[in-house]
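One-letter residues, chain by chain:
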Amino acid sequence: MMARLSIVGAALILSVASAAAQATTSRAARFVDSLLARMTLEEKLGQLTQLPGRWGDTGPVVPEGGEGEIRRGQVGSFLGVFGAGYTRRMQEVALQSRHKIPLLFAHDVIHGFRTIFPVSIAEAASWDPQAVEHAARIAAIEATAAGLHWTFAPMVDIARDARWGRIVEGAGEDPYLGSIMAAARVRGFQGTDLSAPNTMLATAKHFVGYGAAEGGRDYNIADIPEVTLRDIYLPPFHAAIDAGAGSVMASFNEVAGEPVHASERLIDGLLRAEWGWNGVLVSDYTGVLELIPHGVAADSASAGALALRAGVDVDMVSRIYLNKLAPLVRSGRVAMRDVNAAVRRVLRAKYDLGLFADPFRYSDTTRERQTLLAAEHRAAARALARKAIVLLRNEGRALPLSKSLGTIAVIGSLATDARSSIGNWSAAGRAEEGVTVLEGIRRAVPSARVVHARGADSATADTSGFAEAVRVARDADVVVLVVGEHQEQSAEANNRAFLGLPGAQEGLVRAVRGAGKPVVVVLMGGRPLAISSFADSVPAIMHAWYLGTEMGNAVADVLFGDANPSGKLPVTIPRTVGQVPLYYNHRNTGRPPVANQKYTSKYIDVPWTPLYPFGHGLSYTTFAYRNLRLSAAAMRPSDTLIVSVDVTNTGDRVGDEIVQLYIRDEVGTLTRPVKELRGFRRITLQPGETQSVSFALGSKDLAFHDAALDLVVEPGFFRVYVGSSSERVEEARFELVDPRRCGKRVLRREVPRFTWPAKSRMGAVICR
Ligand code: NOJ
């Protein structure tokens, strides 16, 4: 009876809640419509215009003539300026405009605002979505206190090419991990109520295929087969939208000959019509103007017309909507309907953020003072930074280091590079508030003699510091060698054609190794680095990325064993740049590589395998996987299969393990990847403890897009792999059976605007 009552009660609460949500929606729609009806065409185009702010010597300043433009209603939003006091003043100016429409303040709040968290690829290496969500929550708490309403994050681009500089900004190469991280970040930024003063609009970017830049060269074209677009590049966007992302940014690139900023097919078609998303689509920087060099628009007016028609609502920086579209609307070349739809979406975002109710709710100087860099924010940044470190190699248990060592040599210019520690896109982060690796080590072992030598830097061929580095190494008990890329070598437009250590650092590693002391390499950087030249000859290597404000403390925590490393690679690390693109979820080919068989798919001068595979990461303890079992040997499309495994901590320390589950569809109507991540779990095990870990597999985990672009599952055998990386796995097998004897089961029609005839392939009928 109780249970029944509570179900009825829950249903009642749900229906009251959904009625309330509907009422809010229609109230918002009525508000927006009535405002729109009173606006001139110029005022409407103003709402679609985003201008860059400027920074003066003491803070943000309005661009020349800016206040007048705001008063005339010619600006809808600003990019890149913040500060509670400044944004409050600007809102006061906006309230002097005819309709008193508040401004939106937007910025790239990517991995923290003032307290800086690990760069996004490092956050993904934690495989800890709760911690990543919490990091985004803290970023939003700080950013909104400084007057910001809108972040251009998360970046959810899948990147399979380590040459591409922006690989640092995403979650790596895998669509499953990428989708989980995308959703976590959206939830963190937006919270559960966008109108709360500490939540902000999130932007899934860059839509779409930006990470597939040919040759790894930023902004280059992306040539992506439609099925790959749907199986690999689109899922993180879908996940972000499912999590409620209120905004999406178009990408600079073209896909299949169509620049995304002009792609009605991708924006209004796929995103809006197919997926039913109705948020704000913002251009990337001068993306609208760039339709001219792309070669699809002859002049800026045509560029504006194409972008608006495609569904780009906000013109960032180009000023083309504001300056060129009015005559085109009046002459009918641009539809007023399209202008209205875009303005509605922008006004709706302002309404949902609560700005019409109180334009100053985000500009609170007291909150700004109390919130930024709060102690608990730093603590969260340190906790996540520890989890993001990936221990790549640890021969002879070289790590952790003893705290009673006499002399420690810390070598490398990155060890003292505070700016690089916080990484690129670090919003209001301040290098001087961060902890460098050298400082972190000094704090962790106050009794040790810690000596630093610059050795080499990552940007020049200067070897003049080698001799001192070798001398310091000879005098030490152990060497911590901090090498990699400085933060400007790994970010937008920082693409590389070589993936070794830049500058004279490879020589430095050789020279320091020659000193004969144990060497621990701490790698800093935002991309997989091809470090084959020394990977087998130093005992320990940890990938420490750019870990943010608490970088040095977190590195020291792991070096000296106060934290046990648990991060896993969200990207494959190649042996050499010539292997790129190299990713774990590749297809098999008709001649998969076999050693000693020449005419198989490999190289004659380097192994085909990676240096470190996707999902790899060591711990100071060891884990054993036993007893992989499936709840059934066969499943139907409507069933759920439970996959379980026992994981034991076989070492002598407490540790976290990321248990990973992959599948392989053995035979498909299209070729299937050799492995696909479909689940993971972070567990903590005491020494000797065993935990049984279970995963549920359903049809959606087995599905892919077929040649007709339908999302389908096909009957047949699947392999399941569970283990501690994409390569160290236990294996089982099950069959997906099809009692209706159909060739495949369609889960979702992806292209509802087209109708595909029911086909038969190899004589099989498709179940609809
Ligand atoms: C260009 C970058 O591609 C994009 O990611 C960023 O959000 C905008 N600039 C605004 O800074």
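No experiment lies behind these values; they were computed from the predicted model shown.

1. Structural notes on the overall build of the protein chain
So, point 1. Regarding its fold elements, the protein chain presents 23 helices and 31 strands.
So, point 2. Relative to its length of 768 residues, the protein chain is compact, with a C-alpha radius of gyration of 27 Å against a globular reference of 27 Å.
So, point 3. C-alpha extents for the protein chain along the principal axes are approximately 75 × 70 × 65 Å.
So, point 4. A burial count over the protein chain gives 61% of its 768 residues as buried.
So, point 5. As presented, the protein chain carries roughly 28,800 Å² of accessible surface, and 53% of it is formed by carbon and sulfur atoms.
So, point 6. Distance between charge centres in the protein chain, computed from 87 positive and 79 negative side chains, equals 3 Å.

2. Brief notes about the layout of surface pockets
So, point 1. Estimates place the volume of the largest pocket at around 890 Å³.
So, point 2. Forming the boundary of the largest pocket are 35 residues, of which Tyr583, His586, Arg587, Trp608 and Val674 lie nearest the centre.
So, point 3. For the lining of the largest pocket, the element with the most residues is helix α8 (residues 226-233), which contributes four residues.
So, point 4. Class assignment for the residues of the lining of the largest pocket results in 16 nonpolar, 10 polar and nine charged.

3. Quick look at empty space enclosed by the protein
So, point 1. Tallied over the entire structure, the rule returns six cavities of 30 Å³ or more.
So, point 2. Estimated volume of the largest cavity: approximately 100 Å³.
So, point 3. When grouped by side-chain class, the residues that make up the lining of the largest cavity number six nonpolar, four polar and two charged.
So, point 4. In this structure, the second largest cavity encloses a volume near 50 Å³.
So, point 5. Lining of the second largest cavity is provided by Ala159, Arg160, Asp161, Ala162, Ile167, Glu173, Pro528, Val571, Thr572, Pro574, Val580 and Leu582.
So, point 6. Of the residues in the lining of the second largest cavity, the class split is eight nonpolar, one polar and three charged.

4. A closer look at helix α20 (residues 505-513)
So, point 1. Looking at α20, one finds that the buried residues are Gln505, Gly507, Leu508, Val509 and Val512.
So, point 2. For α20, the secondary structure elements touched by its buried residues are β14 (407-411), α19 (466-474), β16 (478-484), β17 (519-524) and α21 (532-535).

5. Quick look at the domain arrangement of the protein chain
So, point 1. According to the domain assignment, the protein chain consists of domain 1 (44-105), domain 2 (380-579) and domain 3 (623-767).
So, point 2. Placing the centre of domain 1 and that of domain 2 at their C-alpha centroids yields a distance of 42 Å.

6. A closer look at the site of the ligand
So, point 1. Around the ligand sit Leu79, Asp108, Phe152, Arg166, Lys205, His206, Met249, Phe252, Asp284, Tyr285, Trp425 and Glu492, and that is every residue in its neighbourhood.
So, point 2. One of the side-chain nitrogen or oxygen atoms of Asp108 is found 2.5 Å away from an oxygen atom of the ligand.
So, point 3. Between an oxygen atom of the ligand and a side-chain N or O atom of Lys205, the distance comes to 2.8 Å.
So, point 4. Within the complex, the protein chains bury 93% of what would otherwise be the 300 Å² of accessible surface of the ligand.
So, point 5. In terms of residue class, the shell around the ligand is made up of six nonpolar, one polar and five charged.

7. Structural notes on the pairing of strand β22 (residues 655-665)
So, point 1. Taken across its 11 residues, β22 has 11 buried, putting it largely inside the fold.
So, point 2. Residues of β22 alternate between two faces, with Gly655, Glu657, Val659, Leu661, Ile663 and Asp665 on one and Asp656, Ile658, Gln660, Tyr662 and Arg664 on the opposite face, all of them buried.
So, point 3. Here β22 pairs with strand β23 (residues 676-685) via nine bridges, running antiparallel. From the neighbouring strand, Val659 faces β23, where its bridge partner is Arg681.
So, point 4. Pairing analysis gives six bridges linking β22 to strand β27 (residues 716-723), with the strands arranged antiparallel. Bridging across to β27, Gln660 finds its partner in Gly723.

8. Considering the sheet that holds strand β24 (residues 690-697)
So, point 1. If you trace the three strands from one edge of the open sheet to the other, you get β19-β21-β24, paired in antiparallel fashion. One side of each edge strand has no neighbouring strand; the edge strands of this open sheet are β19 (623-630) and β24. Put simply, the sheet's adjacent strands are angled 20 degrees from each other on average, direction ignored.
So, point 2. Of the pairings in the sheet, the one linking strand β21 (residues 641-649) to β24 comprises eight bridges and is antiparallel in character. In the strand pairing of β24, Ile642 is matched with Ala696.

9. Side note on the confidence of the model for the protein chain
So, point 1. Across the protein chain, the average pLDDT comes to 94, with 94% of residues at or above 70.
So, point 2. Within the model, pLDDT remains below 50 along residues 1-10, and this stretch shows zero contacts once partners closer than five positions in the same chain are excluded.
So, point 3. Note that residues 750-768 has pLDDT below 50 and, in this model, 48 contacts with residues that lie over four places away or in other chains.

10. Quick notes on unusual backbone geometry
So, point 1. Pro154 follows Ala153 through a cis peptide bond whose omega is 5 degrees.
So, point 2. Note on placement: Pro154 falls in the loop between β6 (150-151) and α7 (175-190).
So, point 3. Phe207 connects to Val208 through a cis peptide bond whose omega is 0 degrees.
So, point 4. Note that Val208 resides in the loop between β7 (203-207) and α8.
So, point 5. Of note in the backbone geometry, Trp127 takes a positive phi value of approximately 45 degrees without being a glycine.
So, point 6. Here Trp127 is to be found in the loop between α5 (120-125) and α6 (129-145).
So, point 7. The backbone of Leu709 sits at a positive phi, close to 70 degrees, despite the residue not being glycine.
So, point 8. Tracing the chain through its elements places Leu709 in the loop between β25 (704-705) and β26 (711-713).

11. Some thoughts on the nonpolar core
So, point 1. Core analysis: the biggest nonpolar cluster contains 105 residues, and Phe113, Trp150, Phe189 and Phe207 have the highest contact counts within it.
So, point 2. When near neighbours in sequence (up to four residues on either side) are disregarded, Phe189 contacts Val109, Ile110, Ala136, Arg137, Ala139, Ala140, Thr151, Ala153, Pro154, Thr199, Met200 and Ala202.
So, point 3. Among the nonpolar cores identified, the runner-up in size contains 84 residues, and Ala409, Ala415, Ala540 and Leu569 belong to it.

12. A look at the packing of aromatic side chains
So, point 1. Tallied over the full model, the rule gives 16 aromatic pairs.
So, point 2. When the centroid spacing of 4.4 Å and the interplanar angle of 15 degrees are considered together, the rings of Tyr584 and Phe614 count as stacked. You can see Tyr584 sitting in the loop between α22 (551-559) and β19 and its partner Phe614 sitting in the loop between α22 and β19, a full 30 residues away along the chain. For the pair formed by Tyr584 and Phe614, the shared burial category is buried.
So, point 3. Grouped by ring-pair contacts, the aromatic residues Trp127, Tyr176, Tyr584, Phe614, Tyr662 and Phe680 constitute a single cluster.
So, point 4. The side chain of Lys205 reaches across the aromatic face of Trp425, ending 5.5 Å from its centre.
So, point 5. The ring of Tyr721 carries the charged tip of Lys675 above its face, separated from the ring centre by 4.9 Å.

13. Quick notes on helix α4 (residues 84-94)
Structurally, the α-helix is built with 3.6 residues per turn, so residues lying three or four positions apart point the same way.
So, point 1. All of the buried residues in α4 are Ala84, Tyr86, Thr87, Met90, Gln91, Val93 and Ala94.
So, point 2. The secondary structure elements touched by the buried residues of α4 are β3 (60-61), α3 (66-71), β5 (104-107), α6 and α15 (365-371).

So, how was this worked out
- Residues numbered from 1 in each chain as written.
- Predicted model: local features only at pLDDT ≥ 70, side-chain atom pairs only at ≥ 80, totals over all residues.
- Heavy atoms only, no water.
- Helix = DSSP H or I, 4+ residues; strand = E, 2+ residues; numbered from the N terminus.
- Rg over C-alpha atoms; globule rule 2.2 N^0.38 Å.
- Buried < 20%, exposed > 50% of the residue type's maximum accessible area, 1.4 Å probe, protein only.
- Areas by Shrake-Rupley, 256 points an atom, 1.4 Å probe, with all protein chains shown as cover.
- Lys, Arg positive; Asp, Glu negative; His and termini not counted.
- Charge placed at Lys NZ, Arg CZ, Asp CG, Glu CD.
- 1 Å grid on protein atoms, 1.4 Å probe; cavity = no way out; pocket = protein on both sides within 12 Å on 5 of 7 lines; lining within 4 Å.
- Points joined across faces, edges and corners; volume = space filled by probe spheres on them.
- Nonpolar A, V, L, I, M, F, W, Y, C, P; charged D, E, K, R; others polar.
- Contact = heavy atoms within 4.5 Å.
- Domains from an automatic or database assignment.
- Near = heavy atom within 4 Å.
- Polar contact = N/O pair within 3.5 Å; in protein donor to acceptor, adjacent residues only side chain to side chain.
- Pairing = 2+ DSSP bridges.
- Axes fitted to C-alpha atoms, helices over the stretch in contact; angles between N-to-C directions.
- pLDDT = per-residue confidence, 0-100.
- Core = buried A, V, L, I, M, F, W, Y, C linked by side-chain atoms within 4.5 Å.
- Phe/Tyr/Trp six-rings, centres within 6.5 Å; stacked < 30°, edge-to-face > 60°.
- Lys NZ or Arg CZ within 6 Å of the ring centre and 35° of its normal.

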